[in-house]
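Summary of structural features
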Amino acid sequence: MRLIESVRIAWRSIRSHRLRSALTVLGLVIGIASVVVFATFGASIEAEIVGDIEGSSASNVYVFATPADDEDGGFDQVVQPAFTERDVEALASLPGVTAAIPRGTVDANSLTHGEDTVARQRVTATTPATFDEDRIVAGRGFRSGSAEVVLNERAARTFAENVTVGDRLTLSLSGNQTRDLRVVGIVNGTAGGLPVSDFAEGSRVYVPVDPFYRTVVESPSVGVRQRAYPQVTVVTDPTGIEATRTAVATYLDEESDARLLVPAGTEPTARTSGDFAARISSVIDRVTRFVTGVAVIGLVVGAIGIANIMLVSVTERTREIGVMKAVGARNRDVLVLFLVESGLLGAVGAVLALPVGIGVGYAATRYAEVGFTLAPGWMATAVGVGVAVGVLAGLYPAWRAARVDPIDALRYE
Amino acid sequence: MTASSDAGATADHDDVVTLADVRKTYDVGGTVEALAGVSLSLPTGSYTAVMGPSGSGKSTLLNLIGALDTPTAGRVAVAGEEVSAVSERARAALRGTEIGFVFQTFNLLARLTAVENVGLPLVFAGVPRAERRDRARELLAEVGLGDRTDHHPTELSGGQRQRVAIARALVADPALVLADEPTGNVDTETGSRVLDVFDRLHAAGNTILLVTHERHVAERADRIVHVRDGELERIETLDGGERCD
């Protein structure tokens, strides 16, 4: 018997029970579609976040202290100021490095714009190199040694009246000192921030290290007190990032002040945005796999539906099987016939589930306001699993059908 | 045409079916002997009726000759194939190509049209679709249903359905047509017309074995094999004389 004939006869059988077949397929569609939806949504979120990180900071090596036992590329940052001015200069002079941008915080109380005062616990102290031309929305970066301030867009909107370049702000520092600052720029991000701050962008206020940053420690190597920072961002060429990271790590391990200044149980570390992306990816991946795994339950339920309906079908068609055997059908023909029928149910389910899954996945990404990314691997898996589920679910019923005794079957009412 | 029971036990090239001392026992709690040593042969072109009360073993006989079952002992040969010696797979092929079944309840597939029902045995024989359709149409025309080819069984009368079933039995050009109470589910007049079709098949040279419990149906054949308690009681030749076994 030719396979095409099996498909033809099986299709006839499916079509002759339209409602029953439709409901069976629907069960499978729901199962496969949920797998596709969750996989697509997970892939979209991952792509969005990883894309943000990598797109904005592919040329950065982040230097900070982490717990010493943090082996898996974590970003658990220790905020102890350990990287001295000397470290920053040494990092900046490593081969291939364009800039080393220190970053620290200055404790504050509030920030006033005109009549409007908002509470502000800290502002970010950094150097002019942190301002990337591409990310300046208005004005320019601040100059070192001046009473200038740069806000990100969100900070600029914190006040009743939006802050614009040229406005004056009054920063109230801890210890009741105040500083008058001139707003010189509005940015939508900086080179020096950790990648995480780009997609979870809070309100940021940047002031120059000189004169605002006052945290000092004694440099163990030079023996003088100088500024020390919890974090330094080393900017380099994206193509040479791994070489730079190695050079930075070597310096940190062997010569830095930081290696002596970091708290016990921590060590200075160099991380790239790639590490960060990989870390985020693996977390999202785990969540996606879990949620998709839950959706697989739907698939199993769909499979049971197919098995159930095929068993009913075998019983219903016992006499038909007897007739087919009497007119020359071999056991194998009957087996294949039923397998093809259940496989077809699975395939139809899979084919219908794909657009449904992609559609709902797309809607979910729109709702979550992330870019839409397909997960072709998962989709292929879902379809393959659909057909496999159909065939598997049909295996036992088909085997039962093939074993039907034609004599009994012909007598069967 | 000679009805031979013992003589037919030796293989004869002119015999479509040869049964030699065939026994069939069923194990249903105890052992039940459905056939207790039957020898019979069906010469090519013969028309044989099998009669007997229910439980006489005529259904078992039919199942064995139809290659649906295998004997417990003895030999059953159909169209030169030893039924008990070949695989299930080969028996299926034998049923598909050398034997045409006609059942009391027609046993047409409701989903298929008349022409598709007739072509069904050819599906399993691997005959291409167009060829099947042509052959089925031809046969439907022969049984007087040339205008009903695309009807489903439910749209046909009992007599028409049985004629579709007969066309199906003939589609593979079998060596033997087996009919099990073919008039059992139709009225007398329709039954008579169905039997006319068998007469025509016989006249055209087909070998027919028909199982019935009705005397007037059996009398259409050229001999009647009487079965009782799993044994051949006698063979009645209808061109005049009657011969006891």
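Residues numbered from 1 in each chain as written. Chains lettered and ligands numbered in written order. Predicted model: local features only at pLDDT ≥ 70, side-chain atom pairs only at ≥ 80, totals over all residues. Heavy atoms only, no water.

Per an unreviewed UniProt entry, chain B carries the name ABC transporter ATP-binding protein and comes from Haloplanus ruber.

The test is simple: UniProt positions are given in the numbering used here, feature names are shortened, and annotations may be inferred rather than shown by experiment.
Looking at an unreviewed UniProt entry, chain A carries the name ABC transporter permease, with the source organism given as Haloplanus ruber. Recorded under Subcellular location (unreviewed entry), the UniProt text for chain A is reproduced unchanged: "Cell membrane". The Sequence similarities (unreviewed entry) comment attached to chain A in UniProt states, word for word, "Belongs to the ABC-4 integral membrane protein family."

1. Here's the deal with the packing of aromatic side chains
Residues and elements named next belong to chain A. How we decide: Geometry of aromatic contacts follows a simple scheme: Phe, Tyr and Trp rings, the Trp one being its six-membered ring, pair when their centres are within 6.5 Å, and the pair is stacked under 30 degrees between planes, edge-to-face over 60, tilted otherwise. Each helix corresponds to a stretch of at least 4 residues labelled H or I by DSSP, and each strand to a stretch of at least 2 residues labelled E; elements are numbered beginning at the N terminus. Between buried and exposed lies partly exposed: a residue is buried under 20% and exposed over 50% of the maximum accessible area for its type, with that area taken using a 1.4 Å probe on protein chains only.
On inspection of all chains with the given rule, the structure shows six aromatic pairs over all chains. Plain terms: the ring middles of Tyr213 and Tyr229 are 4.8 Å apart, the flat faces sit at 15° to each other, and that makes the pair stacked. You can see Tyr213 sitting in the loop between α6 (209–212) and β11 (216–218) and its partner Tyr229 sitting in strand β12 (residues 225–229), a full 16 residues away along the chain. Of the two residues, Tyr213 and Tyr229, neither departs from the other in class, the shared state being buried.

2. A closer look at the pattern of salt bridges
Convention followed: One speaks of a salt bridge when a side-chain nitrogen belonging to Lys or Arg is within 4 Å of a carboxyl oxygen belonging to Asp or Glu.
For the coordinates displayed, the defined rule picks out 34 salt bridges over all chains. The residue Glu116 of chain B makes a salt bridge to Arg12 of chain A at a minimum N-O spacing of 2.4 Å. Of the two residues, Glu116 of chain B sits in helix α3 (residues 114–124) while Arg12 of chain A sits in helix α1 (residues 3–16), which places them in two different chains. Judged by relative accessible area, Glu116 of chain B falls into the partly exposed class, the value being 26%. Residues participating in the shared-partner salt-bridge network are Arg140, Arg143, Glu148 and Arg182 of chain A.

3. Some remarks on the domain arrangement of chain A
Filter applied, for reference: Segmentation into domains, and thus their bounds, comes from an automatic or database assignment.
Once the domains are mapped, chain A shows domain 1 (3–52 + 279–411) and domain 2 (79–261). In this structure, domain 1 of chain A and domain 2 of chain A have C-alpha centres spaced 56 Å apart.

4. Overview of the interface of chain A and chain B
Here is the rule we go by: Pairs of residues are marked as contacts when any of their non-hydrogen atoms sit within 4.5 Å. Buried area is a sum: the accessible area each of two parts loses on coming together, probed at 1.4 Å, counted once for each and added. Pairs of N or O atoms within 3.5 Å make up the polar contacts considered here, provided that, within protein, one atom can donate a hydrogen while the other can accept it, and that residues adjacent in sequence are counted only when both atoms are side-chain atoms. Lys, Arg, Asp and Glu make up the charged group, whereas Ala, Val, Leu, Ile, Met, Phe, Trp, Tyr, Cys and Pro make up the nonpolar group; the residues left over, Gly among them, are polar.
Facing the 24 residues of chain A at the interface are 26 residues of chain B. A combined buried area of about 2400 Å² lies between chain A and chain B, and 57% of that area is made up of carbon and sulfur atoms. Inspection of the region where chain A meets chain B yields three salt bridges. With a shortest N-O distance of 2.8 Å, Arg111 of chain B and Glu320 of chain A are connected by a salt bridge. At the junction of chain A with chain B, the criterion picks out eight residue pairs in polar contact (both at pLDDT 80 or more). Every element with two or more residues in the side of chain A that touches chain B is listed here: α1, α10 (318–326), α11 (331–368) and α13 (406–411) of chain A. Among the residues forming the side of chain A that touches chain B, the class breakdown is 10 nonpolar, four polar and 10 charged.

5. Overview of the sheet that holds β12 of chain A
Strand-to-strand pairing in sheets goes through backbone hydrogen bonds, with the strands running parallel or antiparallel. All names here are of chain A. Basically, it comes down to this: Pairing between strands is defined by DSSP: at least two bridges between them are needed.
Read across the sheet, three strands follow the order β2-β12-β11 without closing on themselves; strand pairing throughout is antiparallel. What marks the edges here is a single partner per strand, and that holds for β2 (83–84) and β11. As paired elements, β2 and β12 share two bridges and run antiparallel to each other. Paired with Thr84 across the bridge in β12 is Ala228.

6. Let's talk about the pairing of strand β3 (residues 47–51) of chain B
Residues and elements named next belong to chain B. Of all five residues in β3, five are buried, a share of seventy percent or more. Burial along β3 is two-sided: Tyr47, Ala49 and Met51 and Thr48 and Val50, pointing in opposite directions, are all buried. Relative to strand β8 (residues 208–212), β3 is paired through five bridges, and the arrangement is parallel. Paired with Thr48 across the strands is Leu209, a residue of β8. Pairing between β3 and strand β9 (residues 223–228): four bridges, direction parallel. Paired with Val50 across the bridge in β9 is Val225.

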